Every structure is written in structure tokens, then in C-alpha cells.
Amino acid sequence: ELVAHIHELFTDYFQKCFEELPDNTDLLVGQLYGYIRTIAALYRDKNSYHNWRHACHVVLGSCYLVDATNLGSENPWIGFAAIFAALVHDVKHMGVPNAQLEEEDHMIA
């Protein structure tokens, strides 16, 4: 399941953010899993491109860039924030360009 794989990546980056892991790490990691499942459910399956699979690809690419550029080397939260942004970047995407939404006078345009 993609959620489990993405959760593994997030857990790794999350744990890098602490010099010493807090006592409630298991609870936090469990909450992180639930959050990722919630985000996955918010992606529209009917959207042929901006869907959950696309979000996972962007997360993987972001992980590579964070590692390759040492983005989080001084502050690991920056690396975590980058992959978090990748995770949520297209949640509830309508599947059409913004120009079309503007033309249709859609409320989110």
C-alpha cells in the first residue's frame, strides 16, 4: 500500500528532526500514519493526473532532492517541510487548469 511506504519515508524524516526522540514517538508516528491516510483520501481518484499516485511520485522526488542537496542538513525540519509540501500540493485538485476555473467563474479560481 502506498500509504505505508510514504509513512515509512515520513517517519524517517520526522525522526531526523530530533536529536533525542521524545518518549511518545510511537504515538506521534501513529498519528502521522493517520494523517497521511487522511491526505491520501482527499486526493480525487477520478483526476487522471493530480491524484494520490502523483502525490507519491512528487514525495519520492522531493526526498531525492532533499537528500541530494543536503537541504535539511542544518535544520532537518526544512527537509521534512519540503516533503510535507510535496504530499499535500495537489489535494482536491479539480483536474483542470486555473484559467478554465477563472473562465467558469468558479469559487476557487
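These remarks concern the structure in this document. Everything quoted here is computed from the prediction, not taken from an experiment. (Residues numbered from 1 in each chain as written. Predicted model: local features only at pLDDT ≥ 70, side-chain atom pairs only at ≥ 80, totals over all residues. Heavy atoms only, no water.)

With 21 residues, the main nonpolar core has Ile6, Phe10, Ile36, Trp52, Val59, Phe80 and Leu87 as its most contacted residues. Sorting the residues of this core by element identifies helix H1 (2-15), helix H2 (25-42), helix H3 (52-69) and helix H4 (76-88) as the ones contributing at least two each. Among the elements that take part in this core, H3 stands out by supplying six residues, more than any other. With sequence-adjacent residues up to four places away left out, phenylalanine 10 is seen in contact with Leu32, Ile36, Val59, Phe80, Ile83, Phe84 and Leu87. (Core = buried A, V, L, I, M, F, W, Y, C linked by side-chain atoms within 4.5 Å. Buried < 20%, exposed > 50% of the residue type's maximum accessible area, 1.4 Å probe, protein only. Helix = DSSP H or I, 4+ residues; strand = E, 2+ residues; numbered from the N terminus. Contact = heavy atoms within 4.5 Å.)

So, on to a nonpolar patch on the surface. Taken together, the side chains of Met94, Met107 and Ile108 make up a nonpolar region of the molecular surface, amounting to roughly 350 Å² of accessible area. For methionine 94, the location among the structural elements is in the loop between H4 and helix H5 (98-103). In this structure methionine 94 comes out as partly exposed when scored by relative accessible area, which is 36%. (Patch = residues over 30% accessible without salt bridge, like charges linked within 9 Å, V, L, I, M, F, W, Y side chains within 5 Å. Areas by Shrake-Rupley, 256 points an atom, 1.4 Å probe, with all protein chains shown as cover. Salt bridge = Lys/Arg side-chain N within 4 Å of Asp/Glu carboxyl O.)

Looking now at the pattern of salt bridges. In this structure the tally under the stated criterion is one salt bridge. Linking aspartate 12 and lysine 16 is a salt bridge whose minimum nitrogen-to-oxygen distance equals 3.5 Å.

To continue, consider the packing of aromatic side chains. Working definition: an aromatic ring pair is given by the centre-to-centre distance plus the angle between the planes. Tallying each qualifying case throughout the model produces eight aromatic pairs. Each ring, one from tryptophan 77 and one from phenylalanine 80, has its centre 5.7 Å from the other, and the planes form 85°; the classification is edge-to-face. Separated by three residues within a single helix, tryptophan 77 and phenylalanine 80 lie in helix H4, roughly one turn from each other. Under the relative-accessibility criterion, phenylalanine 80 is labelled buried at 12%. Grouped by ring-pair contacts, the aromatic residues Phe10, Phe14, Phe18, Trp77 and Phe80 constitute a single cluster. Directly above the aromatic system of tyrosine 13 lies the positively charged group of lysine 16, at a separation of 4.6 Å from the ring centroid. (Phe/Tyr/Trp six-rings, centres within 6.5 Å; stacked < 30°, edge-to-face > 60°. Lys NZ or Arg CZ within 6 Å of the ring centre and 35° of its normal.)

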